[in-house]
Amino acid sequence: MSAYAKTAIKKIGIPRLIITSLFIFVLIMGFVIQLPMGLLFGDILQRFGMFGILVLAMVPSIQAGTGPNFALAIGIICGLLGIIISIELGFIGLLCFVMAILISLPIAIISGVLYGKLLNAVKGAEMTIATYIGFSVVSLMCIGWVVLPFTEGTMLWPIAGKGLRLTFTLENTFGQILDNFLAFSIGGVEIPTGLILFFLVTCFVVFLFTKSKMGTLILAAGKNPKYAESSGINIDRGRIVASIVSTVLGAIGIIVFSQSYGFVQLYTAPLMMAFPAVAAVLIGGATAKRAKISHAIIGVLLFQGLLTSALPVANVIFPEGNLSEIIRMVVQNGIILYALTKVDGGN
């Protein structure tokens, strides 16, 4: 093997190379067994946009040195509150979507400050504490969804007339408002233009933040905390700001996810949503101490692309019983398991 090939493989990383090869192999298998490839590629693009911002939320926290944000559920809860309050106030369409984001922002900022202060108090055990904080917030809100005094009928249990449903539709509010914006079809592939554009614009905004003075300080503090502290950089403040940005992105991410999915899922639905996001950014090339926006983009494409394409292929190859669902779980959790082995920066 030439030195150039060795350098290229080392730069890409053998695990990412294997997953990319598996993704391409599954797509080839889909073509061979004559799956509707246009529909499949359309689904991949949609899931790329749906999960993109949730994965992007991992970048600020990793850059600040607090590791992947396993407490992403905090931001998700803030976003869900924004959606519900916006609907409760009677907004519909694009205004409802915008108001959901605007309402969720102050909630996410306050939550991010508190979460950042907590992480500063438990330095060295951030990821473990964050996981339990995320679980605790989701469990607490299971009570909140029942007792909060919302009155909009489409969100309430129909018989009791109080308490929010497990799932309710966004069909009459802002369901798929981004997906349908400037959407077009080419070669049988439906392109959700608005959804993809929104994700890319968000990536650009986060990129500008990383190039700002605060973003540079956060990056420096995350890379070498002792050197940064000796240079007069306030590390704790940078970690709090990064937590705020990550929580805000989590809130916006779930609003974008919900509009594309067409439904809002409450109660325990946000419980495990951090793990696929963590797995995606690590598969994209990030480690627990280093992450770039490109890692989020590549990671969400590989992770969601593989999950989306593997299931229909497995359905055709293994039509018996529920084997395809088992294979999907093996693929998903196998990827997450691999990704978590990289948390300490292993190759």
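Residues numbered from 1 in each chain as written. Predicted model: local features only at pLDDT ≥ 70, side-chain atom pairs only at ≥ 80, totals over all residues. Heavy atoms only, no water.

Colleague: Which residues make up the packing of helix 3 (residues 37-56) against helix 8 (residues 193-211), and what values go with them?
Modeller: Two numbers describe how helix 3 lies on helix 8: the axes approach to 9 Å, and their chain directions differ by 25°. It follows from the interaxial angle that helix 3 and helix 8 lie roughly parallel. Judged by the sense of rotation from one axis to the other, the crossing of helix 3 with helix 8 is left-handed. Taken together, the residues of helix 8 that come into contact with helix 3 (itself represented by Leu45, Gln46, Phe48, Gly49, Met50, Gly52, Ile53 and Leu56) are Leu195, Ile196, Phe198, Phe199, Thr202, Cys203 and Val206. Within the contact of helix 3 with helix 8, the residues separate by chemical class into eleven nonpolar, four polar and no charged. (Axes fitted to C-alpha atoms, helices over the stretch in contact; angles between N-to-C directions. Helix = DSSP H or I, 4+ residues; strand = E, 2+ residues; numbered from the N terminus. Parallel < 35°, antiparallel > 145°, perpendicular 65-115°, else oblique. Left-handed = near helix turned anticlockwise from the far one by under 90°. Contact = heavy atoms within 4.5 Å. Nonpolar A, V, L, I, M, F, W, Y, C, P; charged D, E, K, R; others polar.)

Colleague: Quick rundown of the packing of helix 8 against helix 9 (residues 213-223)? Include the residues and the values.
Modeller: For the pair helix 8 and helix 9, the least separation of the axes is 4 Å and the interaxial angle reads 75°. Classified by the interaxial angle, the pair formed by helix 8 and helix 9 is roughly perpendicular. Within the contact between the two elements, helix 8 uses Phe209, Thr210 and Lys211 and helix 9 uses Lys213, Met214, Gly215, Thr216 and Ile218. For the contact of helix 8 with helix 9, a count of residues per class yields three nonpolar, three polar and two charged.

Colleague: Can you break down the packing of aromatic side chains residue by residue, with the values?
Modeller: Following the criterion strictly, the structure yields nine aromatic pairs and no others. By way of ring pairs, the aromatic residues Phe51, Phe257, Tyr261 and Phe263 are connected into one cluster. (Phe/Tyr/Trp six-rings, centres within 6.5 Å; stacked < 30°, edge-to-face > 60°.)

Colleague: So, the nonpolar core: which residues are in play, and what are the values?
Modeller: Among the nonpolar cores identified, the biggest contains 93 residues, and Ile83, Trp145, Leu164 and Leu266 are the most heavily contacted of them. The greatest single-element share of this core, amounting to 13 residues, is contributed by helix 11 (residues 235-261). Ignoring any residue separated from it by four or fewer positions in sequence, one finds isoleucine 83 in contact with Ala100, Leu170, Phe174, Ile254, Ile255, Ser258 and Val264. (Core = buried A, V, L, I, M, F, W, Y, C linked by side-chain atoms within 4.5 Å. Buried < 20%, exposed > 50% of the residue type's maximum accessible area, 1.4 Å probe, protein only.)

Colleague: Kindly report on the side chain of serine 246, identifying the contributing residues and their values.
Modeller: Relative to the helices and strands, serine 246 is located in helix 11. A relative accessible area of 1% places serine 246 in the buried class. In this structure serine 246 touches Ala57, Pro60, Ser61 and Asn69, once residues within four positions along its chain are discounted.

Colleague: Describe the state of the cysteines, and please don't skip the residues or the numbers.
Modeller: Counted by the stated rule, this structure contains zero disulfides. In this structure cysteine 96 is a free cysteine whose sulfur lies 17 Å from that of cysteine 78, the closest cysteine sulfur available. We classify cysteine 96 as buried; its relative accessible area is 0%. (Disulfide = S-S within 2.5 Å.)

Colleague: Quick one: what's the story with unusual backbone geometry, residue by residue and with numbers?
Modeller: The phi dihedral of leucine 182 falls on the positive side, at around 60°, and the residue is not glycine. Note that leucine 182 resides in the loop between strand 1 (167-169) and strand 2 (184-186). Assessed through its relative accessible area of 52%, leucine 182 is described here as exposed. A positive phi is found at tyrosine 267, a non-glycine position, where the angle reads about 60°. With respect to the helices and strands, the residue tyrosine 267 is situated in the loop between strand 4 (263-265) and helix 12 (274-283).

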